Amino acid sequence: MGLDEHAYSSSIVEQIATAAARFSSFRDATFALRMAQVAIGESQVRRLAHAVGQELIATRDRKVIEHRRRQLPARTEAIPAAVVVEVDGGRIRTRAADAAPGVHEARNREDKVACLATLTSPTFGCDPQPEPPESFRCPRRVQRLVQQMKGQAGEAILPEIVDDSLDPAAPPAVDATERWSPERLVRTCVASLEASASFGPMMAAEAQERHFYDAPRRAFVADGATYNWAIWQGYFPTFVPIVDFLHVLCYVYASARAVSADEPAGWSQYLAWMRACWQGRGAEVLRELEVWQTRLGQPPPGEAQTAEERRDPRRLVAEARSYLTNNRTRMDYPRYRREGLPTTSSLVESLVGEFNARVKSKQKYWTRPEGAESILQLRAALLSEDDRLSRYFANRPGNPLRKRRDAVTKEATPSMQTAA
């Protein structure tokens, strides 16, 4: 019957693990399972979910070792035409393990998330969209984008632009010229609390299994975080490096407002600098920022401690200069559009949100170090669009169908050897 030490069949264990990965909490997963006539308690759901998650961790780590030894086979025979690897990080709350009831030694930990996607996209002889899309030229939409991204990073929020000519309740218009953007075909994902030195090999193993290194067109997209580009250099150097344009936009927007006398002048300056970056003329923006830095002076040493210090024009200009300087070789956006490659990390940004729906809330504190790691593996398997979780359980020890397949294989082996 395929029963394990918990007296649940393999199919029931799969339902339990899937529910724990899909729903926002173990409590909700337990409720859903009981509605499906599975008699189980919340603590048992938690134990089984973590147990399966630990099995997935062991499988993941084994593949990393096989990749390093160049022994990891590809899962599919088809070589994709275009692929992208995107990486980003979120924040979850953790607490000390083996402590008294309650939250002890609360900390914020970064959970790294990678999105590996095959793409369908044409290539072009010239830039398919030389002018920025309307979405980047709408004051209200740009303001909301900057607020959202700065808020996620824990930085100072800029004051809101008031524009009565725009209806905030109206749905955003779709710019027809934006349809050149590549479309996602199949997405798989990797997630972990491990440091970048360990996370890079996990991403590389996943890319190897999907033939990403053999694809004719390959892109690696991320924001300007140093560890992202250390991963690119170490494991994806043959992929075209692209810094997310939305982060460039945010730095340009903040610095344009910082150097301008009033709001209309700041918006005009933003449009000019954003358009220059969109058209691959980031060096021009950098030169103008250097002139402004000379005029305003250097920012005070040390990190900003208050909101007022973070809004210091000298600091905002210096931050924009640093970002554009560090990423100037990853900002050839006209070339990326011609080659049908993405210019933003929107795929992984949305994926981080899907992970956050399971592992992040004001009430959740995961035990260190293994608390969230196993659930991240379950969630990654669930969100990967290759039926990964179902395939895992189909081959998991204890599955009666697996035993039958193994028996058939053993019976067929002698005759196959004789024939050979």
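Our structure is the block above this text.
Residues numbered from 1 in each chain as written. Predicted model: local features only at pLDDT ≥ 70, side-chain atom pairs only at ≥ 80, totals over all residues. Heavy atoms only, no water.

K.L.:
Whenever I open this one, the packing of helix 2 (residues 26–35) against helix 3 (residues 42–68) confuses me. Can you help?
P.N.:
Packed helix pairs are specified by the crossing angle of their axes together with the interaxial distance, meaning the distance between the axes. Relative to each other, helix 2 and helix 3 sit at 105°, their axes nearing to 9 Å. Judged by the angle between their axes, helix 2 and helix 3 are roughly perpendicular. Counting all contacts with helix 2, which are made through F26, R27, A29, T30 and L33, the residues of helix 3 involved are E42, V45, R46, A49 and H50. In terms of residue class, the contact of helix 2 with helix 3 is built from five nonpolar, two polar and three charged. (Axes fitted to C-alpha atoms, helices over the stretch in contact; angles between N-to-C directions. Helix = DSSP H or I, 4+ residues; strand = E, 2+ residues; numbered from the N terminus. Parallel < 35°, antiparallel > 145°, perpendicular 65-115°, else oblique. Contact = heavy atoms within 4.5 Å. Nonpolar A, V, L, I, M, F, W, Y, C, P; charged D, E, K, R; others polar.)

K.L.:
Just to check I follow, could you spell out the environment of E385 for this structure?
P.N.:
Among the secondary structure elements, E385 is positioned in the loop between helix 14 (371–383) and helix 15 (388–394). Between the C-alpha atoms of E385 and V186, which are 199 residues apart in sequence, the distance is 5.9 Å. Aside from chain neighbours lying at most four places away, what touches E385 is R184, L185, V186 and R187.

K.L.:
Looking at this model, I keep getting lost on the pairing of strand 2 (residues 107–120). Mind explaining?
P.N.:
Remark: a regular strand shows side chains that alternate across the two faces of the sheet. Direction of pairing for strand 1 (residues 82–95) relative to strand 2: antiparallel, over a ladder of 13 bridges. Note that in strand 2 the partner of A82 across the bridge is L119. Inspection of the sheet shows strand 2 paired to strand 3 (residues 183–192) by eight bridges, in the antiparallel sense. Looking at strand 3, one finds that L116 is bridged to T188. (Pairing = 2+ DSSP bridges.)

K.L.:
Explanation requested: helix 9 (residues 282–296) in the structure shown.
P.N.:
Think of an α-helix as 3.6 residues a turn; residues three or four steps apart then line up on the same face. Its 15 residues give helix 9 an end-to-end C-alpha distance of 21 Å, which sits within 8% of 21 Å, the value for a rise of 1.5 Å per residue. Within helix 9 the residues assigned to the buried category are G282, V285, L286, L289, W292 and Q293. Buried residues of helix 9, viewed axially, fall in a sector of 120°; they line one side. The outward face of helix 9, more than 90 degrees from its buried face, is lined by the exposed residues T294 and R295. Considering only its buried residues, helix 9 is in contact with helix 7 (245–258), helix 8 (263–278) and helix 11 (313–326). (Expected span 1.5 Å × (residues − 1). Buried < 20%, exposed > 50% of the residue type's maximum accessible area, 1.4 Å probe, protein only. Arc of directions from axis to C-beta.)

K.L.:
Mind showing me how you'd approach the packing of helix 1 (residues 10–22) against helix 14 here?
P.N.:
Taken N-terminus to C-terminus, the directions of helix 1 and helix 14 make an angle of 95°; their axes are 9 Å apart at the nearest point. Here helix 14 runs roughly perpendicular to helix 1, going by the angle between their axes. Between helix 1 and helix 14, the residues in contact are A17, T18, A21 and R22 and L378, R379 and L382, respectively. The residue makeup of the contact of helix 1 with helix 14, split by class, is four nonpolar, one polar and two charged.

K.L.:
What exactly am I supposed to notice about the environment of A117 here?
P.N.:
Locating A117 in the fold gives a position in strand 2. Ignoring anything within four residues of it in the chain, the contact list for A117 reads A82, V83, V84, R184, V186, R187, R210, F212 and L347.

K.L.:
Would you take a moment to explain the packing of aromatic side chains for this structure?
P.N.:
Any two aromatic rings considered together are summarised by their centre-to-centre distance and by the angle between their planes. According to the stated counting rule, one finds 16 aromatic pairs in the structure shown. Measuring from centroid to centroid gives 4.2 Å for Y251 and Y323, while their planes differ by 20°, and the two rings are stacked. Taken together, the residues Y251 in helix 7 and Y323 in helix 11 connect sequence positions 72 residues apart. Taken as a pair, Y251 and Y323 share a single burial class, namely buried. A ring pair is formed by W267 and Y270, whose centres lie 4.9 Å apart and whose planes are at 35°; its orientation type is tilted. Taken together, the positions of W267 and Y270, both in helix 8 and three residues apart, correspond to about one turn of that helix. An aromatic cluster is built from Y213, F220, W229, W232, F236 and F239, whose rings are joined through pairwise contacts. Here R218 stacks its cationic end above the ring of F239, 5.7 Å away from the centre of that ring. For the cation-ring pair, R330 lies above W229, with the distance from its terminal atom to the ring centre recorded as 4.2 Å. (Phe/Tyr/Trp six-rings, centres within 6.5 Å; stacked < 30°, edge-to-face > 60°. Lys NZ or Arg CZ within 6 Å of the ring centre and 35° of its normal.)

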